[in-house]
Amino acid sequence: MDDVLFETLGVVARIERDSGYTVRSRIVVRDGVERLGEFQQVIGRARHVVVRNRDWVLRRGDKIALDGRALLVEALVSDDGLVNEAVLHG
């Protein structure tokens, strides 16, 4: 993703790793991303976050403070070398 997209659509969030290391980074939040079942039917919706790799590389268990709540990273969805995308639990 281009830096302009992060500046336009991004929000600043606090990301914390279990070791206690914390960073503030600009992330893009994608709400309502469809979860597909075995036969490609929609079985639910989830919240995804996209972060630039130069700012932070997400991994399972990271906490993201967003909208006054701390949400856990459930799984990494993609990483193309420039940005990484993860699904949040909760």
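Relevant structure appears above.
Residues numbered from 1 in each chain as written. Predicted model: local features only at pLDDT ≥ 70, side-chain atom pairs only at ≥ 80, totals over all residues. Heavy atoms only, no water.

### Points about the packing of aromatic side chains
Taken as a whole and judged by the stated rule, the model has one aromatic pair. Summarising the aromatic geometry, the rings of Y21 and W56 are spaced 5.7 Å apart at their centres and angled 5° between planes, so their arrangement reads as stacked. A residue pair is termed long-range when its members are at least 10 positions apart, and Y21 in the loop between β1 (11–16) and β2 (22–36) and W56 in the loop between β3 (42–52) and β4 (63–66) qualify at 35 residues. Judged by its relative accessible area of 7%, W56 is buried. (Phe/Tyr/Trp six-rings, centres within 6.5 Å; stacked < 30°, edge-to-face > 60°. Helix = DSSP H or I, 4+ residues; strand = E, 2+ residues; numbered from the N terminus. Buried < 20%, exposed > 50% of the residue type's maximum accessible area, 1.4 Å probe, protein only.)

### Remarks on the nonpolar core
I15, I27, L58 and I64 are the most contacted members of the largest nonpolar core, which has 14 residues in total. Taken together, the elements giving at least two residues each to this core come down to β1, β2, β3, β4, β5 (69–79) and β6 (83–89). In this structure, I27 is in contact with F6, L9, G10, V11, A13, I15, V49, V50, V51, I64 and L66, ignoring residues within four places of it in sequence. (Core = buried A, V, L, I, M, F, W, Y, C linked by side-chain atoms within 4.5 Å. Contact = heavy atoms within 4.5 Å.)

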